[in-house]
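One-letter residues, chain by chain:
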Amino acid sequence: MNRSYIWSLPTRVFHWSFVLLIVVCYLTEDDDLIIYHAIAGYALLLPLTFRLGWGLFGPKYSLFKDFPLNLKKTKEFAINIFDKEQKYIGHNPIASFIMIAILIVVPIIILTGGITLGAEESKGLFSSLNKNGLYEDLHEFFANFLYVLIFAHLAGIAIDKLLHNEHGTLNSIFNGYKNSQKEESIKLNIFQKIFALIFFILSIFCLLYTSPSPRDQRGS
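Attention here is on the structure that accompanies the text. (Residues numbered from 1 in each chain as written. Predicted model: local features only at pLDDT ≥ 70, side-chain atom pairs only at ≥ 80, totals over all residues. Heavy atoms only, no water.)

**Quick word on the packing of helix 3 (residues 45–57) against helix 5 (residues 93–121)**
Basically, it comes down to this: Each axis is a line fitted through C-alpha atoms, taken for helices only over the stretch in contact, and angles between the N-to-C directions span 0 to 180 degrees. Under the scheme used here, helices are H or I runs from DSSP no shorter than 4 residues and strands are E runs no shorter than 2 residues, and both carry numbers assigned from the N terminus. An angle below 35 degrees is read as roughly parallel, one above 145 as roughly antiparallel, one from 65 to 115 as roughly perpendicular, and any other as oblique. By definition, turning the near helix anticlockwise from the far helix through less than a right angle yields a left-handed crossing, and turning it clockwise yields a right-handed one. It only takes one pair of heavy atoms within 4.5 Å for two residues to be counted as in contact.
Two elements in contact, helix 3 and helix 5, have axes whose closest approach is 11 Å; the angle formed by their N-to-C orientations is 150°. Overall, the two elements helix 3 and helix 5 adopt an arrangement that is roughly antiparallel. Here the hand of the crossing between helix 3 and helix 5 comes out left-handed. For the pair helix 3 and helix 5, the contacting residues are L45, L48 and R51 in the first and L103, V106, P107 and I110 in the second.

Set out below in structure tokens:
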């Protein structure tokens, strides 16, 4: 097998920053930590926006058009899951549907979270809204749905590790390299590098200027 570079550094940075922020959101669900929960939630907009752009202008395997979003292919993949033949170097059909679902659900969670914060805490962009338990219920519903999708994603990785360890899918999340029948390495063009650099700078700015001040912490 050949060792192919398929997940670029920006792709992996997006993945792990997204994971980190989701974990922070999960760990700060307590009312006493609402300010951190809100900051992490709004901060998700940055990697989310990057991923949407990366899916349109990024390298092969990260592009949405490269996702095999086809029910017939999904059925064939599920039926032949024990097959050792490697048909998909990037996302397989099931992983593609899960990824798209996550990218749809997360903005809904951010929106309903912002509305809930405004209605229940009179803070943020929606502070003028009246209290309504429906907002929080919707936020919790989609948050729980996201956890289901994440579990499915992790289960897929575990199954691939068990059945197709020779492909190196799990390791590729860390080092970008995956084993394939033929050499399939990607390279970033200058536009993609500039796009990734802009979002990296924005991320640093976000980290420096969105941390809660001591006054905010005392008021929370």
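**Points about the pattern of salt bridges**
To keep it simple, the criterion reads: Salt bridge, as used here: a side-chain nitrogen of Lys or Arg that lies within 4 Å of a carboxyl oxygen of Asp or Glu. Note on exposure labels: buried denotes an accessible area under 20% of the residue type's maximum, exposed denotes more than 50%, and partly exposed covers the range between, all computed with a 1.4 Å probe on protein chains only.
Tallying each qualifying case throughout the model produces two salt bridges. In this structure, the salt-bridge partner of D66 is K60, at a minimum N-O distance of 3.1 Å. Across the pair K182 and E184 runs a salt bridge, and its minimum N-O distance is 3.9 Å. K182 gets classed as exposed once you look at its relative accessible area, which sits at 56%.

**Brief notes about the packing of helix 2 (residues 34–43) against helix 5**
Here is the rule: Under the convention adopted here, Pro, Cys and the residues Ala, Val, Leu, Ile, Met, Phe, Trp and Tyr are nonpolar, Asp, Glu, Lys and Arg are charged, and Gly plus all remaining residues are polar.
Look at helix 2 against helix 5: their axes get within 10 Å of each other, and the N-to-C directions meet at 145°. At the point where helix 2 passes helix 5, the crossing takes the left-handed sense. Taken together, the residues of helix 5 that come into contact with helix 2 (itself represented by I34, A38, G41 and Y42) are I110, G114 and L117. In terms of residue class, the contact of helix 2 with helix 5 is made up of five nonpolar, two polar and no charged.

**Re the state of the cysteines**
Each disulfide consists of a covalent bond between the sulfur atoms of two cysteine residues. We apply this condition: Two cysteine sulfur atoms make up a disulfide if the distance between them is within 2.5 Å.
Enumeration according to the criterion identifies zero disulfides in this entry. Left without a disulfide partner, C25 is nearest to the cysteine sulfur of C206, which lies 12 Å away. According to the relative accessible area criterion, C25 is buried, its value standing at 10%.

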